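Here are the chains, one letter per residue:
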Amino acid sequence: MIKSADIEIKTRNQFDNWAHTYDGGIWNLYFETAIKHSLNIVELKKNSVILDLGCGTGELGLTAVQGNKIKKAVGIDFSFEMIKKASSKQRQNNIPLEKLEYIIGKANEIKFPDSYFDVVFCLNSFHHYLNPNNVISEIHRVLKNDGFFVLLDPFIDNYLRKGWGFFLKKIFKEEHVIYYTRESIKHMLEYKKFEVIKQQSFLYFTLFTVSQNVKK
Ligand SMILES: C[S@@+](CC[C@H](N)C(=O)[O-])C[C@H]1O[C@@H](n2cnc3c(N)ncnc32)[C@H](O)[C@@H]1O
């Protein structure tokens, strides 16, 4: 049996290698469209502080800050090379760290205080998490009261989508990843005290789930 520490190293290596060709690659047509859509799915305000978990090359934060939509964006990713790429884009665009910051870190240990963020995004990364419930708890912790969590990930609600998930596992050689159903994502979030506001499919094969942190 493969140990979770080995899976983590393998995943990190995979993304370290991909970081150099990630922007501009064929899959990026999908990633860029998803990012644009995500930034419009919840209302962002001038004073919003947002987190992009599993940020890859940092395109979501960069787009949000350049569009002057928000106060600050933070991107977290456990791939050193992805963060290196994201940070170099931040410097090339002369954006100060007070506005845009990329940090190496794991999704299940978000090194920020409680109630720090207004919105947390997690795009195309959740299926890699070996301990998804811990990650959801961490997101809940760092979100402000009434803050939003925007999750986008492939889902497997019918045979076609299951087939697509199977295809992705094969081509990316990532047998360990977990794709969920619409209902199981909703259940996981509600279990951790999120209120699911909406779930909508995106380009048929992925699912947006927008939930709100109602701490009470
Ligand atoms: C397919 S990329 C998506 C990047 C970006 N969100 C996008 O949509 O373009 C998945 C990212 O999740 C990161 N990742 C996977 N597991 C992680 C974990 N446990 N903690 C932090 N980052 C993780 C990977 O390093 C990779 O950069």
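A brief structural summary. (Residues numbered from 1 in each chain as written. Predicted model: local features only at pLDDT ≥ 70, side-chain atom pairs only at ≥ 80, totals over all residues. Heavy atoms only, no water.)

1. Considerations on the sheet that holds strand β5 (residues 143-154)
The strands that make up a sheet pair up through hydrogen bonds in the backbone, lying either parallel or antiparallel.
Part 1 of the reasoning: Across the sheet, which stays open at both edges, the seven strands sit in the order β3-β2-β1-β4-β5-β7-β6 with mixed pairing between neighbours. Two strands close off the open sheet at either side, each with one partner strand: β3 (100-104) and β6 (194-202). Averaged over all neighbouring strand pairs, the angle between strand axes comes to 15 degrees, with direction disregarded.
Part 2 of the reasoning: With five bridges connecting them, strand β1 (residues 49-53) and strand β2 (residues 72-77) associate as parallel partners. Following the sheet pairing, L51 is matched in β2 by V74.
Part 3 of the reasoning: Across the sheet, helix α5 (residues 132-142) lies against β1, β4 (117-123), β5, β6 and β7 (206-213), angled at about 145 degrees from β5, the strand it touches most. (Pairing = 2+ DSSP bridges. Helix = DSSP H or I, 4+ residues; strand = E, 2+ residues; numbered from the N terminus. Axes fitted to C-alpha atoms, helices over the stretch in contact; angles between N-to-C directions. Contact = heavy atoms within 4.5 Å.)

2. What to know about the side chain of N213
Part 1 of the reasoning: With respect to the helices and strands, the residue N213 is situated in strand β7.
Part 2 of the reasoning: Polar side-chain contacts of N213 include one of 3.4 Å to the backbone oxygen of K144.
Part 3 of the reasoning: Excluding anything up to four places from it in sequence, N213 contacts H140, L143, K144, N145, D146, G147 and F194. (Polar contact = N/O pair within 3.5 Å; in protein donor to acceptor, adjacent residues only side chain to side chain.)

3. Some thoughts on the packing of helix α2 (residues 28-41) against helix α3 (residues 59-66)
Part 1 of the reasoning: Running from N to C, α2 and α3 point in directions that differ by 55 degrees, and their axes come no closer than 10 Å. If you check the angle between α2 and α3, you find them oblique. Here α2 runs over α3; the crossing is right-handed. Here I35, S38 and L39 of α2 come into contact with α3, specifically with E59, L60, T63 and A64.
Part 2 of the reasoning: By residue class, the composition of the contact of α2 with α3 is four nonpolar, two polar and one charged. (Parallel < 35°, antiparallel > 145°, perpendicular 65-115°, else oblique. Left-handed = near helix turned anticlockwise from the far one by under 90°. Nonpolar A, V, L, I, M, F, W, Y, C, P; charged D, E, K, R; others polar.)

4. Remarks on the environment of S48
Part 1 of the reasoning: As for its placement among the helices and strands, S48 is situated in the loop between α2 and β1.
Part 2 of the reasoning: A relative accessible area of 5% means that S48 is categorised as buried.
Part 3 of the reasoning: Considered as a pair, S48 and A86 are 38 residues apart in the sequence and their alpha carbons are 20 Å apart.
Part 4 of the reasoning: The contact partners of S48, leaving out residues within four places of it in the chain, are I70, K71, K72 and D118. (Buried < 20%, exposed > 50% of the residue type's maximum accessible area, 1.4 Å probe, protein only.)

5. A few points about the packing of helix α1 (residues 4-22) against helix α4 (residues 80-92)
Part 1 of the reasoning: Axis separation between α1 and α4 bottoms out at 7 Å; the angle between their running directions is 30 degrees. Judged by the angle between their axes, α1 and α4 are roughly parallel. Between α1, through F15, D16, A19, H20 and Y22, and α4, the contact on the second element is made entirely by F80, E81, M82 and K85.
Part 2 of the reasoning: Here the residues of the contact of α1 with α4 sort into five nonpolar, one polar and three charged.

6. Describing the side chain of N28
Part 1 of the reasoning: Here N28 lies in helix α2.
Part 2 of the reasoning: Classification of N28 as buried rests on a relative accessible area of 7%.
Part 3 of the reasoning: For N28, the residues in contact, after removing those within four places along its chain, are Y22 and D23.

7. Regarding the pairing of β2
Part 1 of the reasoning: With six of six residues buried, β2 is to be regarded as a mostly interior element.
Part 2 of the reasoning: Neither face of β2 is exposed, since K72, V74 and I76 on one face and A73, G75 and D77 on the opposite face are all buried.
Part 3 of the reasoning: For the crossover that starts at β1, traverses α3 and ends in the parallel β2, the hand is right-handed.
Part 4 of the reasoning: Direction of pairing for β2 relative to β3: parallel, over a ladder of five bridges. Within β3, the position partnered with A73 by the bridge is L100.
Part 5 of the reasoning: Following the backbone out of β2, through α4 and into the adjacent parallel β3, one traces a crossover that is right-handed. (Right-handed = clockwise from strand over helix to strand, strands pointing away.)

8. Brief notes about helix α6 (residues 159-171)
Side chains three or four residues apart in an α-helix point the same way, a direct result of the helix having 3.6 residues per turn.
Part 1 of the reasoning: With 13 residues, α6 should reach 18 Å at 1.5 Å per residue; the first-to-last C-alpha distance of 18 Å fits that figure.
Part 2 of the reasoning: Its side-chain oxygen at 3.2 Å from the backbone nitrogen of L160, N158 defines the N-terminal cap of α6.
Part 3 of the reasoning: Looking one or two places after α6, you find K173, whose phi comes out positive at around 50 degrees. (Expected span 1.5 Å × (residues − 1).)

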